[in-house]
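Architecture and fold: a report
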There are 2 protein chains.
Amino acid sequence: MAVERKKWSENFSEWYNELIETAGIQDKRYPVKGMNVWLPYGLKIMRNIERFIHAEMERTGHDEVLFPALIPETEFQKEAEHIKGFEGEVYWVTHAGLEPLDVRLILRPTSETAMYSMFSLWIRSHADLPFKIYQIVNVYRYETKHTRPLIRVREISRFFEAHTAHDSYEDAERQIKEDLEIFDNLARFLALPYIISKRPEWDKFPGAYYSLGAEVMMPDGRTLQIGTMHNYRQNFAKAYNIQYETETGDHEYVHQTTFGMSERLLAAVIAIHGDDRGMVLPPTIAPIQVVIVPIPKKDSEADVFAYAREIAEELRTAGIRVHVDERDIRPGRKYYDWELKGVPLRIEVGPRDVEGKKAVLARRDTLEKITVERDNIVEEVRKTLDAIHENLYQRAKEFLESHIKRVDTIEEAKAVFEDRRGIVEIPWCGEEECGLRMEEELDAKMLGIPYPEEKAKAPEGKKCPVCGREAKFIARFARTY
Amino acid sequence: MAVERKKWSENFSEWYNELIETAGIQDKRYPVKGMNVWLPYGLKIMRNIERFIHAEMERTGHDEVLFPALIPETEFQKEAEHIKGFEGEVYWVTHAGLEPLDVRLILRPTSETAMYSMFSLWIRSHADLPFKIYQIVNVYRYETKHTRPLIRVREISRFFEAHTAHDSYEDAERQIKEDLEIFDNLARFLALPYIISKRPEWDKFPGAYYSLGAEVMMPDGRTLQIGTMHNYRQNFAKAYNIQYETETGDHEYVHQTTFGMSERLLAAVIAIHGDDRGMVLPPTIAPIQVVIVPIPKKDSEADVFAYAREIAEELRTAGIRVHVDERDIRPGRKYYDWELKGVPLRIEVGPRDVEGKKAVLARRDTLEKITVERDNIVEEVRKTLDAIHENLYQRAKEFLESHIKRVDTIEEAKAVFEDRRGIVEIPWCGEEECGLRMEEELDAKMLGIPYPEEKAKAPEGKKCPVCGREAKFIARFARTY
Ligand SMILES: [Zn+2]
Ligand SMILES: [Zn+2]
C-alpha cells in the first residue's frame, strides 16, 4: 500500500478543517466565531506538548507564574509602539454587573503590559538578574482575517510566553540563544524541521528591538510561524520603569526578551505529518502510541483477546502507551478510526499469530506491515516507534528543503509562487523600500533574513532585483498563514 | 518548643493576608482589585493539588475539555434562574478593536451556559450516556464584597468544574455519590476534615434542583465552602434542548450534575494547617518535602556539605522531593524561611552528625526534633512525613469537631457565635420563613442540613425555636467566607 497525500497537498485547507473535527481535536461549532472547544483527544496531545515545554522551562531555570487575563487600559497604554500594534485587535471589557467600569479593561492579547508593572516591583538589584518566568494561558485577538482552528483564532487558549530580564544586552542575547536551543529541542520532539528568520524592521513585534520567527512548511507551500523570540532591549523597561541597582550602586534599566509559542505547534504537527487517511502523530506526543486490534476467527475469540491483552500488559509495563480495541465492530473499521487519529503503530493479532507466537506491526507513516516474534515484542515496538519518529522528521525535512528556492530575479520568484513551491530566497540591498516593493510584486511576505546573520549575507556580486544595487542580504519571502 | 497559634487564631485575617505574600503564594499588587498574580511557589503547590484532581478524574472516566472563556449574551440568557443568579456579577465584553460587538459577550462566571449548547450537539443516544467531562479554567465574578486572595476574588484562575449528563435521576444521583467519593479522597490527600450540607432552597446554585456544599472550619470560626455538587435534574437540558434517543427510540431530556472546586482548596490548606511561623504543608503537596540545612563549623564545611548532598541524593532516589539549602546565610535565617514556606520536614546536619553517622529531623507541625541513624534515613523520613500528614489531619479534625455545637435555642446559638465557636446545629421545622428568621437573628448563614439526609433528622421531641412546631431537621448555621 502506498501512502496517499493527494487531498493533503491539493486541498489542504479542506483536508485540515475536516480533520480537526473528525479526529477529535476541536469542535468549531461553538457559537463565537474564531473560538473553538478543545475535545478530549486533541487536548491530550496538546498536554503532551506542554509537558515537554514545562520540563524544558524547568531545566533552564524559568519559574512558572500566572497573571490575570485582564489588563487595565492605563497599563496597556504605557508603551507607544505596543499599543499601536494591538489596539485594533483587543477585546474591551467595559461593564461589570449592571455598571460601567471606572477603568476599562482589555483581555490580554499578550502579557507584556500585564507583567511589566510587576517586574518593576520584583526586580530590585543585580542579584535578581537574570529574571526568568513563563506562563501558558489564554489570550485574545480580534482577528479580522479568515479564522482557522489552532492557526488563526480569536481565543488562543494555549499561549506560551516566557519573559526575562537581564543586566546587559549581551546577557539578553545569551537568553535568545537559550530560547533557540529550547525551541530546537521541542522541534525535534515534534519531528518538525523549521527555519529561523530575523524579521524585517516593518514586521517586528510591537515594541521589540528585533524579532526572530520560526517557520515550518505547510502542505500547500505556505509557511506557518510557530515560535517567536524578541529582544526588547530597554524599550519596555523605560516605559514600565524596571530598574535594578548595579554592584556599584547605580540604577540601570533592565534588558528584556520574550519567547512565544502556542497551539500552532499542534497545527504544524497535524498538517506536516498527515496524509489522506488522517493524522500521523509522532510517538513522543501520541496519547496512544500502539493500538492492538484482535482479529479473532470463530472459536478463537477468547485466545486472541487474551493474547492481545497479554501483549498490551507487557508493553504498558515497558512504559509504552497502549490501547486494546475490543469494540464489537469489524477490524477494517477499527483501522480506519485509528489511522484517522494518527496512532503511530497498530498491532494486529489473529489465531495464527497466537499459535505461531507472532504479531503483525503496521506502521502508520509508511503503511508497511512486518511480522515479528512475540518474544521480542517490546524491543520491536520500541525500534519501530523510533524509526517512525525519524522517518516523519526526514520526510518533513525533505519537503521543507525542496520548498526553499534560491532565485535572482522577481520573475523567477513569481514562477516559484505560481508553482506553490514555498519559500523564495532572493538577494536584497537591505532597504525597506525595496523589501516592501518585493512583497507587493510577489504578493508574499518577507519572513526576514536567515538567522544567525552569518547565513544571511548575499554571495558576492549579487544585485538587489529592485534597485540594482549591491545586495547585502538574502531575504526570504513566502505566502504565510 | 511549643507550637504558637496566637496570631493565627486571634488575628487570622491579618495573618492570612500577610502570609499569602511573604510565603510566595500570590502578589496582591496587580493593578486590578481582586485579581492577583500567582507566584512560582504558590503555583507549584496548586499544581500538585491539580495533578491529584486530574488523576481522580481520569480514574472515574471524566474526559478533559477546554471551552472558550467568552459566552454570547444570547446563550447566557437561556436558563432563567441562572441568569438571575449571575447577571449582577458578570463582566461584559462590549467592544473589539474600535468597534462595538453585534452580540455582547460575557466572561464566564461558570460554564453551564457555554457548554450546554454543545452538549445538545454531542449527545445523541443512550449509548453516549453517562457523559462526563471536566475542565480547570479561569472564571470571572464581579464581587462587590471585600476581596481576599484565593478566597473571594474577581478572577478565579483555577476553577475546576465537572459536568455530566445521565439517562435518569438515579444515575445522576450515583454521579453525586462518585463526586463525594472523589472529594473525600482529595480532602484526605490535603489532610482536610470537612462537612457536607444540603443547601436550603433559597441558597441553591442558580438553576439547580438541589445543591450540596463541602465546608471546612477556618481558624477564626468561620466556614469556607471548598466544594459543591449540584443535581440539575432536567432544568438545563430543557433550556438547552439536550435530548437523547432511548433504546426504544423515544427522545428524553438528560439529567445533569456538576461538581465544582477552586483555588479555595489551597486557601483551606494554608489557613487550617498554619501556625504563627507560617504555613505547614501536607507532604503530599509540598513542592519541597524535606529541606536539608548543613550547619558546618570551621574546617568542617566540605565534609558537612558533602554529607548533606549525599543524604539528599539518597532521598531523591527514593522519590522524596528534597532541597539542600546551601545559601551563605546563618542557619537560623534558613529555618525561618522554610518554616514560613511550610516545608514539612527539616534535616539539620553538623560535624557531629557526620562523625556519628546521624541526622536531626525537625518536624514543622510539632516543631519536635529527633536524632536518627544516617543508615535509616529514608525509612525515618518516610515514617515522619506520614506522621506529619496524619497529625495535621487529626489536629484539624479536633478543631473542626470542637467548633460544631448542638443547641436548642436562639440564645444558645448566639452565645456560640459570640465565642467564635464555628458551626451551630439547631432544630428546624423545615420552613423557609423560620430558616431566614434564624439567619437574621444569628447574623449567620444556613449552610443547610447534614448530608446524607439520614443524618439530618431532628431527634424526636425537638422543636423549631422560631415557630415552636415539631422540628424535622437539624440545620447548620455559620458565619462564612
Ligand atoms: Zn534594493
Ligand atoms: Zn419553624
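Residues numbered from 1 in each chain as written. Chains lettered and ligands numbered in written order. Predicted model: local features only at pLDDT ≥ 70, side-chain atom pairs only at ≥ 80, totals over all residues. Heavy atoms only, no water.

- In the nomenclature of UniProt, chain A is known as Proline--tRNA ligase of Thermococcus kodakarensis.
- According to its UniProt record, chain A has this under Subcellular location: "Cytoplasm". (UniProt positions renumbered as here; feature names shortened; annotations may be inferred.)

Looking at the pairing of strand S7 (residues 131–140) of chain A
- Most of S7(A) is tucked away, with 10 of its 10 residues classed as buried.
- Alternating positions in S7(A) separate into two faces, Phe131(A), Ile133(A), Gln135(A), Val137(A) and Val139(A) on one and Lys132(A), Tyr134(A), Ile136(A), Asn138(A) and Tyr140(A) on the other, with burial throughout. (Buried < 20%, exposed > 50% of the residue type's maximum accessible area, 1.4 Å probe, protein only. Helix = DSSP H or I, 4+ residues; strand = E, 2+ residues; numbered from the N terminus.)

A word on the interface of chain B and chain A
- Contact with chain B, which involves 51 residues of that partner, is made by 51 residues of chain A.
- Taking both partners together, chain B and chain A bury about 4,200 Å²; carbon and sulfur atoms supply 66% of that area.
- When residues of chain B are sorted by the area they lose upon contact with chain A, Tyr30(B), Leu66(B) and Pro68(B) head the list and together hold 15% of the total.
- Between chain B and chain A we count 2 salt bridges in total.
- A salt bridge links Glu64(A) to Arg47(B); the shortest N-O distance between them is 2.6 Å.
- Along the contact surface separating chain B from chain A lie 20 residue pairs in polar contact (both at pLDDT 80 or more). (Contact = heavy atoms within 4.5 Å. Buried area = accessible area lost by both parts, 1.4 Å probe. Salt bridge = Lys/Arg side-chain N within 4 Å of Asp/Glu carboxyl O. Polar contact = N/O pair within 3.5 Å; in protein donor to acceptor, adjacent residues only side chain to side chain.)

Brief notes about the relation of the copies chain B and chain A
- In screw terms, the move from chain B to chain A is a rotation of 180° and a rise of 0.0 Å along the axis, fitting with an RMSD of 0.0 Å. The two molecules are tied by a two-fold rotation axis, judged by turn and shift. By C-alpha distance to the rotation axis, the residue of chain B lying nearest is Val93(B), at 2.1 Å. (Least-squares fit on C-alpha atoms with pLDDT ≥ 70 in both.)

A word on the sheet that holds strand S23 (residues 473–478) of chain B
Residues and elements named next belong to chain B.
- The mixed open sheet is built from 11 strands, whose spatial order is S3-S7-S8-S14-S11-S10-S9-S22-S23-S21-S20. Across the chains shown, the open sheet's two edge strands, defined by having one partner strand only, are strand S3 (63–64) and strand S20 (404–406).
- Relative to strand S22 (residues 445–450), strand S9 (residues 195–198) runs antiparallel, the two being bridged by 2 bridges. What sits directly across from Ser197, in S22, is Pro450. (Pairing = 2+ DSSP bridges.)

Section: the coordination of the zinc ion (ligand 1)
Residue and element names in this part refer to chain A.
- Protein coordination at the zinc ion (ligand 1) comes from Cys429 (SG), Cys434 (SG), Cys464 (SG) and Cys467 (SG), with a distance range of 2.2 to 2.4 Å.
- Around the zinc ion (ligand 1) sit 4 donor atoms, and with donor-metal-donor angles ranging over 105 to 114° the site reads as tetrahedral.
- Spacing between the donor residues of the zinc ion (ligand 1) along their common chain follows C-x4-C-x29-C-x2-C. Highlighted residues: Cys434 in helix H15 (residues 432–442) and Cys467 in the loop between strand S22 (445–450) and strand S23 (473–478), separated in sequence by 33 residues.
- Residue classification places Cys434 among the buried positions, given a relative accessible area of 5%. (Donors = N, O, S within 2.8 Å, 3.2 Å for Na, K, Ca; no water. Tetrahedral: all angles 85-135°; square planar, octahedral: opposite > 155°, others 65-115°.)

A word on the domain arrangement of chain A
All names here are of chain A.
- The assigned domain composition of chain A is domain 1 (6–273), domain 2 (290–386) and domain 3 (407–478).
- One C-alpha centre belongs to domain 1, the other to domain 3, and the line joining them spans 28 Å.
- On the domain 3 side, the residues contacting the 20 residues of domain 1 number 18 residues.
- For the pair domain 1 and domain 3, the two sides together bury roughly 1,500 Å², of which 58% comes from carbon and sulfur.
- Together, Ile195, Lys198 and Trp202 form the three largest contributors to the area buried by domain 1 at its contact with domain 3, with a combined 39%. (Domains from an automatic or database assignment.)

Looking at the side chain of Asn36(A)
- Considering the arrangement of structural elements, one finds Asn36(A) in the loop between strand S1 (26–27) and strand S2 (37–38).
- Asn36(A) sits in the buried class, given a relative accessible area of 9%.
- Beyond its immediate stretch of four places on either side in the chain, Asn36(A) contacts Gln26(A), Asp27(A), Lys28(A), Pro149(A), Val153(A), Leu66(B) and Pro68(B).

Comments concerning the environment of Lys358(A)
Residues and elements named next belong to chain A.
- Mapped onto the elements, Lys358 comes out in strand S18 (residues 358–363).
- With sequence-adjacent residues up to four places away left out, Lys358 is seen in contact with Tyr307, Val349, Asp353, Thr371, Val372, Glu373 and Arg374.
- A polar side-chain atom of Lys358 sits 2.7 Å from a polar atom in the side chain of Glu373.

Some points on the nonpolar core
- Ranked by internal contacts, the top residues of the largest apolar core, which has 86 residues, are Phe67(A), Phe119(A), Phe67(B) and Phe119(B).
- Ignoring sequence-local partners within four residues, the contact set of Phe119(A) consists of Phe131(A), Ile133(A), His163(A), Ala165(A), Ile242(A) and Gln256(A).
- Formed by 76 residues, the second largest nonpolar core is a distinct cluster that contains Ala187(B), Phe189(B), Leu190(B) and Tyr451(B). (Core = buried A, V, L, I, M, F, W, Y, C linked by side-chain atoms within 4.5 Å.)

A look at the packing of helix H3 (residues 40–59) of chain B against helix H7 (residues 169–189) of chain B
Residue and element names in this part refer to chain B.
- Contact pair H3 / H7: the axes reach a minimum separation of 11 Å and the direction vectors enclose 150°. Put simply, H3 runs roughly antiparallel to H7. In this structure, the crossing between H3 and H7 has a hand that is right-handed. When H3 is examined against H7, the residues Asn48, Ile49, Phe52, Ile53, Glu56, Met57 and Arg59 are found in contact with a partner set consisting of Glu181, Ile182, Asn185, Leu186 and Phe189.
- Across the contact of H3 with H7, the residue classes break down as 7 nonpolar, 2 polar and 3 charged. (Axes fitted to C-alpha atoms, helices over the stretch in contact; angles between N-to-C directions. Parallel < 35°, antiparallel > 145°, perpendicular 65-115°, else oblique. Left-handed = near helix turned anticlockwise from the far one by under 90°. Nonpolar A, V, L, I, M, F, W, Y, C, P; charged D, E, K, R; others polar.)

Quick look at the coordination of the zinc ion (ligand 2)
Residue and element names in this part refer to chain B.
- Only Cys429 (SG), Cys434 (SG), Cys464 (SG) and Cys467 (SG) from the protein reach the zinc ion (ligand 2) as donors, at distances of 2.3 to 2.4 Å.
- With 4 donor atoms in place around the zinc ion (ligand 2) and angles of 105 to 115° between them, the coordination shape is tetrahedral.
- In the primary sequence, the donor residues of the zinc ion (ligand 2) line up as C-x4-C-x29-C-x2-C. Placement of the pair is Cys429 in the loop between strand S21 (423–428) and helix H15 (432–442) and Cys464 in the loop between S22 and S23, with a sequence separation of 35 residues. Across the pair, Cys464 and Cys429 agree in class, each one buried.

Quick look at the confidence of the model for chain A
- Considering every residue of chain A, the mean pLDDT works out to 97; 100% of them sit at 70 or more.
- On the interface metric, ipTM, the complex scores 0.96, and its pTM is 0.97. (pLDDT = per-residue confidence, 0-100.)

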